[in-house]
Amino acid sequence: MSKINALVYDGTGLYIGLKLKSLYFVYFFAICGIIPVLWTAIYCLSNLYMKLAGPVNLKKKYNAKWALVTGASSGIGRELSKVLASQGLSVVLVALADNDKTPPHMSLNTILDELKSTYKGQEFRKIEASFNYGVDYMPAIIDGTKDIDVQLIFNNAGFIVSGFFDTTTLNAQLNNLECNTTSCVKVTHHFLQLLIQKELKGCIMFTSSVSGYFPNPFAIMYGATKAFVSQFAASLAIEVRAKGIDVLAVHPSPVASNFFNSVTHKIDALDMAKKAAVSPATVPKLMLSCVGRSHLGDLGGTAFFMRFFAAILPMDFLTGLISSVAPNLPDYQRNNKNRGSGGKKLD
Ligand SMILES: NC(=O)c1ccc[n+]([C@@H]2O[C@H](COP(=O)([O-])OP(=O)(O)OC[C@H]3O[C@@H](n4cnc5c(N)ncnc54)[C@H](OP(=O)(O)O)[C@@H]3O)[C@@H](O)[C@H]2O)c1
(Lines give C-alpha, C1' and ligand atoms only; values in the text may rest on other atoms or scores of the structure.)
Protein backbone atom coordinates (compact mmCIF):
# COMPACT_ATOMS: atom_id res chain seq x y z
CA MET A 1 0.00 0.00 0.00
CA SER A 2 2.79 2.41 0.99
CA LYS A 3 4.58 1.48 -2.21
CA ILE A 4 1.57 2.64 -4.20
CA ASN A 5 1.45 5.91 -2.27
CA ALA A 6 5.13 6.39 -3.00
CA LEU A 7 4.50 5.80 -6.65
CA VAL A 8 1.76 8.42 -6.61
CA TYR A 9 4.18 10.93 -5.06
CA ASP A 10 6.80 9.99 -7.61
CA GLY A 11 4.52 11.27 -10.40
CA THR A 12 3.06 7.93 -11.47
CA GLY A 13 -0.30 8.73 -9.82
CA LEU A 14 -1.85 9.23 -13.23
CA TYR A 15 -1.06 5.64 -14.10
CA ILE A 16 -2.50 4.31 -10.79
CA GLY A 17 -5.59 6.48 -11.19
CA LEU A 18 -6.19 5.20 -14.69
CA LYS A 19 -5.77 1.64 -13.52
CA LEU A 20 -8.34 2.12 -10.78
CA LYS A 21 -10.75 3.80 -13.20
CA SER A 22 -10.38 0.98 -15.69
CA LEU A 23 -11.33 -1.40 -12.87
CA TYR A 24 -14.58 0.54 -12.36
CA PHE A 25 -15.31 0.04 -16.05
CA VAL A 26 -14.67 -3.68 -15.67
CA TYR A 27 -17.07 -3.83 -12.70
CA PHE A 28 -19.65 -1.78 -14.59
CA PHE A 29 -19.58 -4.01 -17.67
CA ALA A 30 -19.47 -7.15 -15.54
CA ILE A 31 -22.66 -6.08 -13.71
CA CYS A 32 -24.30 -5.05 -17.00
CA GLY A 33 -23.38 -8.47 -18.39
CA ILE A 34 -24.62 -10.38 -15.35
CA ILE A 35 -28.15 -8.95 -15.58
CA PRO A 36 -28.96 -10.33 -19.07
CA VAL A 37 -27.16 -13.58 -18.28
CA LEU A 38 -29.21 -13.97 -15.08
CA TRP A 39 -32.43 -13.01 -16.91
CA THR A 40 -31.72 -15.56 -19.65
CA ALA A 41 -30.74 -18.28 -17.17
CA ILE A 42 -33.88 -17.80 -15.04
CA TYR A 43 -36.12 -17.63 -18.10
CA CYS A 44 -34.60 -20.64 -19.88
CA LEU A 45 -34.28 -22.83 -16.78
CA SER A 46 -37.86 -22.21 -15.65
CA ASN A 47 -39.15 -22.97 -19.17
CA LEU A 48 -37.01 -26.09 -19.37
CA TYR A 49 -38.32 -27.22 -16.00
CA MET A 50 -41.94 -26.77 -17.15
CA LYS A 51 -41.25 -28.66 -20.36
CA LEU A 52 -39.60 -31.56 -18.55
CA ALA A 53 -42.20 -31.68 -15.77
CA GLY A 54 -45.03 -31.78 -18.36
CA PRO A 55 -48.74 -31.02 -17.99
CA VAL A 56 -50.18 -30.78 -14.49
CA ASN A 57 -53.11 -33.06 -13.67
CA LEU A 58 -55.62 -30.43 -12.59
CA LYS A 59 -58.20 -32.83 -11.20
CA LYS A 60 -55.60 -34.16 -8.77
CA LYS A 61 -53.84 -30.90 -7.96
CA TYR A 62 -57.00 -29.00 -7.02
CA ASN A 63 -59.23 -31.93 -6.07
CA ALA A 64 -61.54 -30.49 -8.73
CA LYS A 65 -64.53 -31.86 -10.59
CA TRP A 66 -65.55 -29.03 -12.92
CA ALA A 67 -63.70 -26.82 -15.39
CA LEU A 68 -65.16 -24.01 -17.50
CA VAL A 69 -63.73 -23.00 -20.87
CA THR A 70 -64.81 -19.92 -22.81
CA GLY A 71 -64.39 -20.07 -26.58
CA ALA A 72 -64.71 -23.85 -26.30
CA SER A 73 -66.23 -24.41 -29.73
CA SER A 74 -63.07 -23.87 -31.73
CA GLY A 75 -59.25 -23.86 -31.87
CA ILE A 76 -57.36 -23.80 -28.57
CA GLY A 77 -60.51 -23.88 -26.42
CA ARG A 78 -61.88 -26.92 -28.22
CA GLU A 79 -58.61 -28.86 -27.84
CA LEU A 80 -58.22 -27.72 -24.23
CA SER A 81 -61.70 -29.03 -23.40
CA LYS A 82 -60.70 -32.45 -24.76
CA VAL A 83 -57.51 -32.53 -22.66
CA LEU A 84 -59.40 -31.50 -19.51
CA ALA A 85 -61.91 -34.26 -20.19
CA SER A 86 -59.06 -36.75 -20.63
CA GLN A 87 -57.91 -35.83 -17.09
CA GLY A 88 -61.30 -36.99 -15.79
CA LEU A 89 -62.80 -33.51 -15.42
CA SER A 90 -66.33 -32.47 -16.23
CA VAL A 91 -66.41 -29.41 -18.46
CA VAL A 92 -68.72 -26.43 -19.03
CA LEU A 93 -68.31 -25.34 -22.64
CA VAL A 94 -69.04 -21.64 -23.18
CA ALA A 95 -69.31 -20.33 -26.73
CA LEU A 96 -71.52 -18.57 -29.24
CA ALA A 97 -74.75 -20.40 -30.02
CA ASP A 98 -74.56 -22.52 -33.17
CA ASN A 99 -77.41 -20.65 -34.83
CA ASP A 100 -75.44 -17.37 -34.49
CA LYS A 101 -72.61 -18.84 -36.56
CA THR A 102 -71.57 -18.94 -40.15
CA PRO A 103 -68.55 -20.84 -41.51
CA PRO A 104 -65.66 -20.91 -40.65
CA HIS A 105 -67.04 -20.85 -37.08
CA MET A 106 -67.26 -24.32 -35.56
CA SER A 107 -70.17 -26.06 -33.90
CA LEU A 108 -70.53 -26.03 -30.11
CA ASN A 109 -73.00 -28.93 -30.23
CA THR A 110 -70.54 -31.15 -32.12
CA ILE A 111 -67.79 -30.86 -29.50
CA LEU A 112 -70.37 -31.30 -26.72
CA ASP A 113 -71.66 -34.54 -28.31
CA GLU A 114 -68.12 -35.77 -28.96
CA LEU A 115 -67.11 -35.31 -25.32
CA LYS A 116 -70.33 -36.86 -24.01
CA SER A 117 -69.90 -39.98 -26.14
CA THR A 118 -66.14 -40.37 -25.37
CA TYR A 119 -66.19 -39.77 -21.61
CA LYS A 120 -69.39 -41.43 -20.44
CA GLY A 121 -68.74 -41.19 -16.68
CA GLN A 122 -68.27 -37.41 -16.79
CA GLU A 123 -70.66 -34.53 -17.26
CA PHE A 124 -70.54 -31.95 -20.00
CA ARG A 125 -72.80 -28.98 -20.50
CA LYS A 126 -72.90 -26.01 -22.82
CA ILE A 127 -73.67 -22.38 -22.13
CA GLU A 128 -74.46 -20.24 -25.14
CA ALA A 129 -73.04 -16.77 -24.63
CA SER A 130 -72.10 -13.93 -26.94
CA PHE A 131 -69.38 -11.74 -25.43
CA ASN A 132 -70.47 -8.73 -27.43
CA TYR A 133 -70.65 -5.17 -26.15
CA GLY A 134 -74.04 -4.45 -24.56
CA VAL A 135 -75.00 -8.14 -24.23
CA ASP A 136 -75.70 -9.32 -20.67
CA TYR A 137 -74.20 -12.80 -20.87
CA MET A 138 -73.44 -13.28 -17.16
CA PRO A 139 -76.96 -14.43 -16.14
CA ALA A 140 -76.66 -17.44 -18.50
CA ILE A 141 -73.23 -18.30 -17.08
CA ILE A 142 -74.30 -17.85 -13.45
CA ASP A 143 -77.52 -19.81 -13.97
CA GLY A 144 -75.81 -22.59 -15.93
CA THR A 145 -73.26 -23.22 -13.15
CA LYS A 146 -75.26 -22.52 -9.97
CA ASP A 147 -75.43 -26.20 -8.95
CA ILE A 148 -71.71 -27.02 -9.43
CA ASP A 149 -68.33 -25.91 -8.06
CA VAL A 150 -66.23 -24.62 -10.94
CA GLN A 151 -62.63 -24.66 -9.71
CA LEU A 152 -60.83 -24.37 -13.03
CA ILE A 153 -61.63 -21.33 -15.15
CA PHE A 154 -60.19 -20.78 -18.62
CA ASN A 155 -60.78 -17.31 -20.07
CA ASN A 156 -59.93 -18.23 -23.62
CA ALA A 157 -62.47 -16.68 -26.02
CA GLY A 158 -60.91 -13.99 -28.16
CA PHE A 159 -60.50 -12.58 -31.64
CA ILE A 160 -58.77 -9.82 -33.55
CA VAL A 161 -60.13 -6.78 -35.40
CA SER A 162 -57.75 -5.49 -38.04
CA GLY A 163 -57.48 -2.24 -39.98
CA PHE A 164 -56.86 1.31 -38.82
CA PHE A 165 -58.71 2.23 -35.62
CA ASP A 166 -60.44 5.17 -37.36
CA THR A 167 -61.58 3.07 -40.34
CA THR A 168 -63.33 0.42 -38.25
CA THR A 169 -66.63 0.96 -36.47
CA LEU A 170 -66.61 1.79 -32.77
CA ASN A 171 -68.94 -1.17 -32.30
CA ALA A 172 -66.40 -3.60 -33.78
CA GLN A 173 -63.72 -2.24 -31.44
CA LEU A 174 -65.98 -2.37 -28.37
CA ASN A 175 -67.01 -5.96 -29.20
CA ASN A 176 -63.34 -6.88 -29.36
CA LEU A 177 -62.68 -5.15 -26.02
CA GLU A 178 -65.66 -6.90 -24.43
CA CYS A 179 -64.72 -10.39 -25.62
CA ASN A 180 -60.96 -10.19 -24.99
CA THR A 181 -61.00 -8.34 -21.65
CA THR A 182 -64.32 -7.35 -20.05
CA SER A 183 -65.80 -10.86 -20.29
CA CYS A 184 -62.64 -12.20 -18.59
CA VAL A 185 -63.05 -9.69 -15.76
CA LYS A 186 -66.75 -10.56 -15.26
CA VAL A 187 -66.26 -14.32 -15.43
CA THR A 188 -63.22 -14.22 -13.13
CA HIS A 189 -64.91 -11.95 -10.60
CA HIS A 190 -67.91 -14.27 -10.33
CA PHE A 191 -66.04 -17.56 -9.97
CA LEU A 192 -63.21 -16.19 -7.81
CA GLN A 193 -65.69 -14.91 -5.24
CA LEU A 194 -67.26 -18.37 -5.05
CA LEU A 195 -63.87 -20.08 -4.68
CA ILE A 196 -62.91 -17.76 -1.82
CA GLN A 197 -66.31 -18.04 -0.08
CA LYS A 198 -66.26 -21.85 -0.28
CA GLU A 199 -62.52 -22.04 0.54
CA LEU A 200 -61.86 -24.09 -2.58
CA LYS A 201 -58.55 -24.36 -4.39
CA GLY A 202 -58.46 -23.65 -8.08
CA CYS A 203 -56.85 -22.22 -11.16
CA ILE A 204 -57.76 -19.27 -13.39
CA MET A 205 -56.04 -19.08 -16.73
CA PHE A 206 -56.18 -16.40 -19.45
CA THR A 207 -55.24 -17.10 -23.06
CA SER A 208 -53.27 -13.94 -23.73
CA SER A 209 -50.69 -13.21 -26.42
CA VAL A 210 -47.17 -11.89 -26.92
CA SER A 211 -48.90 -9.12 -28.90
CA GLY A 212 -49.36 -7.50 -25.50
CA TYR A 213 -45.60 -6.91 -25.28
CA PHE A 214 -45.50 -4.67 -28.36
CA PRO A 215 -47.32 -1.89 -30.19
CA ASN A 216 -49.82 -3.48 -32.62
CA PRO A 217 -50.54 -1.06 -35.46
CA PHE A 218 -53.47 -2.11 -37.70
CA ALA A 219 -54.93 -4.22 -34.87
CA ILE A 220 -54.54 -1.92 -31.91
CA MET A 221 -57.34 -3.28 -29.74
CA TYR A 222 -55.92 -6.79 -29.87
CA GLY A 223 -52.49 -5.93 -28.41
CA ALA A 224 -54.08 -3.60 -25.86
CA THR A 225 -56.53 -6.26 -24.65
CA LYS A 226 -53.79 -8.87 -24.37
CA ALA A 227 -51.51 -6.48 -22.44
CA PHE A 228 -54.47 -5.90 -20.12
CA VAL A 229 -55.17 -9.57 -19.40
CA SER A 230 -51.51 -10.43 -18.77
CA GLN A 231 -51.14 -7.51 -16.35
CA PHE A 232 -54.48 -8.36 -14.73
CA ALA A 233 -53.47 -12.01 -14.27
CA ALA A 234 -50.05 -11.21 -12.82
CA SER A 235 -51.50 -8.80 -10.25
CA LEU A 236 -54.43 -11.03 -9.31
CA ALA A 237 -52.07 -14.00 -8.91
CA ILE A 238 -50.37 -12.22 -6.02
CA GLU A 239 -53.68 -11.52 -4.25
CA VAL A 240 -54.97 -15.09 -4.32
CA ARG A 241 -52.03 -17.47 -4.36
CA ALA A 242 -52.02 -17.81 -0.55
CA LYS A 243 -55.64 -19.03 -0.85
CA GLY A 244 -54.52 -21.95 -3.02
CA ILE A 245 -55.70 -20.33 -6.25
CA ASP A 246 -53.22 -20.15 -9.14
CA VAL A 247 -53.74 -17.38 -11.68
CA LEU A 248 -51.78 -17.17 -14.91
CA ALA A 249 -51.80 -15.80 -18.43
CA VAL A 250 -50.30 -17.80 -21.27
CA HIS A 251 -48.91 -16.46 -24.53
CA PRO A 252 -49.17 -19.03 -27.34
CA SER A 253 -47.06 -18.82 -30.48
CA PRO A 254 -49.17 -18.61 -33.67
CA VAL A 255 -51.83 -21.33 -33.79
CA ALA A 256 -53.57 -22.54 -36.96
CA SER A 257 -57.13 -21.92 -35.81
CA ASN A 258 -60.15 -19.92 -36.93
CA PHE A 259 -58.42 -16.94 -35.39
CA PHE A 260 -56.72 -16.33 -38.75
CA ASN A 261 -59.73 -17.36 -40.85
CA SER A 262 -61.88 -14.74 -39.14
CA VAL A 263 -59.59 -11.84 -40.08
CA THR A 264 -61.56 -9.73 -42.53
CA HIS A 265 -58.92 -7.10 -43.34
CA LYS A 266 -55.63 -8.45 -44.59
CA ILE A 267 -52.44 -7.69 -42.63
CA ASP A 268 -49.05 -8.96 -43.84
CA ALA A 269 -47.81 -9.53 -40.28
CA LEU A 270 -50.74 -11.88 -39.64
CA ASP A 271 -50.09 -13.75 -42.89
CA MET A 272 -46.49 -14.25 -41.77
CA ALA A 273 -47.62 -15.51 -38.34
CA LYS A 274 -50.07 -17.88 -40.02
CA LYS A 275 -47.22 -19.51 -41.96
CA ALA A 276 -45.47 -20.35 -38.66
CA ALA A 277 -48.67 -21.54 -36.96
CA VAL A 278 -48.83 -24.87 -35.10
CA SER A 279 -51.84 -27.15 -34.62
CA PRO A 280 -54.22 -26.14 -31.78
CA ALA A 281 -53.90 -29.71 -30.46
CA THR A 282 -50.29 -28.99 -29.41
CA VAL A 283 -51.19 -26.01 -27.20
CA PRO A 284 -53.16 -27.39 -24.18
CA LYS A 285 -50.22 -29.57 -23.07
CA LEU A 286 -48.04 -26.46 -22.95
CA MET A 287 -50.76 -24.47 -21.18
CA LEU A 288 -51.17 -27.08 -18.46
CA SER A 289 -47.39 -27.34 -17.97
CA CYS A 290 -47.42 -23.73 -16.73
CA VAL A 291 -50.08 -24.20 -14.05
CA GLY A 292 -48.75 -23.48 -10.56
CA ARG A 293 -45.28 -22.98 -12.02
CA SER A 294 -45.56 -19.73 -13.95
CA HIS A 295 -47.73 -16.61 -13.99
CA LEU A 296 -46.89 -15.41 -17.49
CA GLY A 297 -46.18 -18.48 -19.60
CA ASP A 298 -44.70 -18.09 -23.07
CA LEU A 299 -45.63 -21.09 -25.19
CA GLY A 300 -43.40 -22.10 -28.10
CA GLY A 301 -40.53 -20.69 -30.13
CA THR A 302 -42.15 -17.53 -31.52
CA ALA A 303 -43.36 -16.51 -28.06
CA PHE A 304 -39.87 -17.09 -26.56
CA PHE A 305 -38.26 -15.03 -29.29
CA MET A 306 -40.74 -12.17 -28.90
CA ARG A 307 -40.24 -12.19 -25.13
CA PHE A 308 -36.46 -11.80 -25.56
CA PHE A 309 -36.98 -9.07 -28.11
CA ALA A 310 -39.34 -7.20 -25.77
CA ALA A 311 -36.83 -7.48 -22.92
CA ILE A 312 -34.05 -5.93 -25.01
CA LEU A 313 -35.86 -3.09 -26.78
CA PRO A 314 -37.57 -0.31 -24.82
CA MET A 315 -41.25 -0.01 -25.93
CA ASP A 316 -40.84 3.75 -26.42
CA PHE A 317 -37.91 3.27 -28.79
CA LEU A 318 -39.74 0.51 -30.66
CA THR A 319 -42.85 2.68 -31.04
CA GLY A 320 -40.74 5.52 -32.48
CA LEU A 321 -38.97 3.15 -34.84
CA ILE A 322 -42.16 1.49 -36.11
CA SER A 323 -44.02 4.78 -36.48
CA SER A 324 -41.26 6.19 -38.68
CA VAL A 325 -41.22 3.18 -41.05
CA ALA A 326 -44.93 2.26 -40.91
CA PRO A 327 -46.19 4.68 -43.61
CA ASN A 328 -43.96 2.85 -46.11
CA LEU A 329 -45.36 -0.57 -45.28
CA PRO A 330 -47.89 -2.22 -47.65
CA ASP A 331 -50.29 -2.79 -44.70
CA TYR A 332 -50.34 0.92 -43.96
CA GLN A 333 -50.66 1.97 -47.60
CA ARG A 334 -53.44 -0.53 -48.33
CA ASN A 335 -55.50 0.43 -45.27
CA ASN A 336 -54.78 4.13 -45.73
CA LYS A 337 -56.99 4.20 -48.82
CA ASN A 338 -60.08 3.78 -46.60
CA ARG A 339 -59.29 6.74 -44.39
CA GLY A 340 -60.78 10.21 -44.31
CA SER A 341 -64.23 11.61 -44.87
CA GLY A 342 -64.97 9.53 -47.97
CA GLY A 343 -63.82 6.30 -46.36
CA LYS A 344 -66.35 3.62 -45.51
CA LYS A 345 -66.19 2.27 -41.95
CA LEU A 346 -65.38 -1.45 -41.78
CA ASP A 347 -66.64 -4.03 -39.26
N1 LIG B 1 -54.41 -18.38 -32.98
C2 LIG B 1 -53.35 -17.75 -32.55
O3 LIG B 1 -52.34 -17.63 -33.26
C4 LIG B 1 -53.32 -17.18 -31.17
C5 LIG B 1 -52.10 -16.77 -30.63
C6 LIG B 1 -52.07 -16.22 -29.36
C7 LIG B 1 -53.23 -16.11 -28.63
N8 LIG B 1 -54.42 -16.52 -29.17
C9 LIG B 1 -55.63 -16.39 -28.36
O10 LIG B 1 -56.15 -17.68 -28.14
C11 LIG B 1 -57.54 -17.58 -27.85
C12 LIG B 1 -58.27 -18.65 -28.63
O13 LIG B 1 -58.13 -18.37 -30.02
P14 LIG B 1 -58.04 -19.49 -31.12
O15 LIG B 1 -56.74 -19.35 -31.79
O16 LIG B 1 -58.41 -20.82 -30.58
O17 LIG B 1 -59.14 -18.94 -32.15
P18 LIG B 1 -60.56 -19.52 -32.60
O19 LIG B 1 -60.42 -20.87 -33.18
O20 LIG B 1 -61.18 -18.46 -33.44
O21 LIG B 1 -61.35 -19.65 -31.22
C22 LIG B 1 -61.83 -18.51 -30.54
C23 LIG B 1 -63.00 -18.91 -29.68
O24 LIG B 1 -63.57 -17.71 -29.09
C25 LIG B 1 -64.94 -17.65 -29.45
N26 LIG B 1 -65.43 -16.30 -29.62
C27 LIG B 1 -65.01 -15.38 -30.52
N28 LIG B 1 -65.74 -14.24 -30.41
C29 LIG B 1 -66.64 -14.47 -29.42
C30 LIG B 1 -67.67 -13.69 -28.83
N31 LIG B 1 -67.93 -12.45 -29.22
N32 LIG B 1 -68.41 -14.23 -27.83
C33 LIG B 1 -68.18 -15.51 -27.41
N34 LIG B 1 -67.21 -16.30 -27.93
C35 LIG B 1 -66.46 -15.79 -28.93
C36 LIG B 1 -65.02 -18.39 -30.76
O37 LIG B 1 -66.35 -18.76 -31.05
P38 LIG B 1 -66.78 -18.83 -32.62
O39 LIG B 1 -65.88 -19.83 -33.26
O40 LIG B 1 -68.18 -19.22 -32.57
O41 LIG B 1 -66.55 -17.45 -33.15
C42 LIG B 1 -64.10 -19.56 -30.49
O43 LIG B 1 -64.76 -20.53 -29.74
C44 LIG B 1 -57.95 -16.17 -28.19
O45 LIG B 1 -58.08 -15.43 -27.00
C46 LIG B 1 -56.78 -15.64 -29.00
O47 LIG B 1 -56.63 -14.27 -28.88
C48 LIG B 1 -54.48 -17.07 -30.42
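It should be emphasised that the depicted structure is a prediction, and the values quoted were computed from it without experimental measurement.

A. Focus on the site of the ligand. As a structural note, the neighbourhood of the ligand is formed by 31 residues, with Gly-71, Gly-75, Phe-131, Gly-158 and Ser-257 the closest of them. Among the elements of the structure, helix 3 (75-86) and helix 8 (258-261) are those that each provide at least two residues to the shell around the ligand. Among the elements that take part in the shell around the ligand, helix 3 stands out by supplying 3 residues, more than any other. Class assignment of the residues belonging to the shell around the ligand gives a composition of 15 nonpolar, 15 polar and 1 charged.

B. Spatial organisation of the domain arrangement of the chain. Assigned domains within the chain: domain 1 (1-53) and domain 2 (57-335). Summarising the inter-unit geometry, the C-alpha centres of domain 1 and domain 2 are found 44 Å apart. Partitioning the side of domain 1 that touches domain 2 into residue classes produces 3 nonpolar, 1 polar and 1 charged.

C. Region of the structure containing the nonpolar core. With 72 residues, the main nonpolar core has Leu-58, Val-91, Leu-93, Val-94 and Leu-152 as its most contacted residues. Here this core takes 6 residues from helix 7 (residues 220-240), the largest share from any one element. Apart from the residues lying within four places of it in its own chain, the contact partners of Leu-152 are Leu-58, Tyr-62, Ala-64, Ala-67, Leu-89, Gly-202 and Cys-203.

D. Looking closely at the pairing of strand 4 (residues 150-155). In terms of burial, strand 4 is largely enclosed, as 6 of its 6 residues are buried. Across 4 bridges, strand 1 (residues 66-70) lies against strand 4 in parallel orientation. In the strand pairing of strand 4, Trp-66 is matched with Val-150. Here strand 4 runs beside strand 5 (residues 202-207); their pairing, made up of 4 bridges, is parallel. Bridge pairing in strand 5 links Leu-152 to Cys-203. Assessed by its sense of winding, the connection that carries the chain from strand 4 through helix 6 (residues 170-197) to strand 5 is right-handed.

E. Inspection of helix 3 at higher detail. With 12 residues, helix 3 should reach 16 Å at 1.5 Å per residue; the first-to-last C-alpha distance of 17 Å fits that figure. Of all the 12 residues making up helix 3, 9 are buried; the element is thus mostly covered by neighbouring parts of the structure. Taken together, the buried positions of helix 3 are Gly-75, Ile-76, Gly-77, Arg-78, Glu-79, Leu-80, Ser-81, Leu-84 and Ala-85. Positive phi appears at Gly-88, one or two residues downstream of helix 3, with a value of about 90°.

F. Expanded view of the sheet that holds strand 7 (residues 296-299). Strand order in the open sheet formed by 7 strands is 3-2-1-4-5-6-7, with parallel pairing between adjacent strands. Each end of this open sheet is capped by a strand with a single partner; those strands are strand 3 (124-128) and strand 7. Strand-to-strand twist of the sheet, defined as the mean angle between neighbouring strand axes without regard to direction, takes the value 20°. Taken strand by strand, helix 6 contacts strand 1, strand 4, strand 5 and strand 6 (245-252), and its axis lies near 165° from that of strand 4.

Parameters at a glance
Residues numbered from 1 in each chain as written. Predicted model: local features only at pLDDT ≥ 70, side-chain atom pairs only at ≥ 80, totals over all residues. Near = placed C-beta within 6 Å. Helix = DSSP H or I, 4+ residues; strand = E, 2+ residues; numbered from the N terminus. Nonpolar A, V, L, I, M, F, W, Y, C, P; charged D, E, K, R; others polar. Domains from an automatic or database assignment. Core = buried A, V, L, I, M, F, W, Y, C linked by C-beta atoms within 7 Å. Buried ≥ 20, exposed ≤ 12 C-beta atoms within 10 Å, placed from the backbone. Contact = placed C-beta atoms within 7 Å. Pairing = 2+ DSSP bridges. Right-handed = clockwise from strand over helix to strand, strands pointing away. Expected span 1.5 Å × (residues − 1). Axes fitted to C-alpha atoms, helices over the stretch in contact; angles between N-to-C directions.

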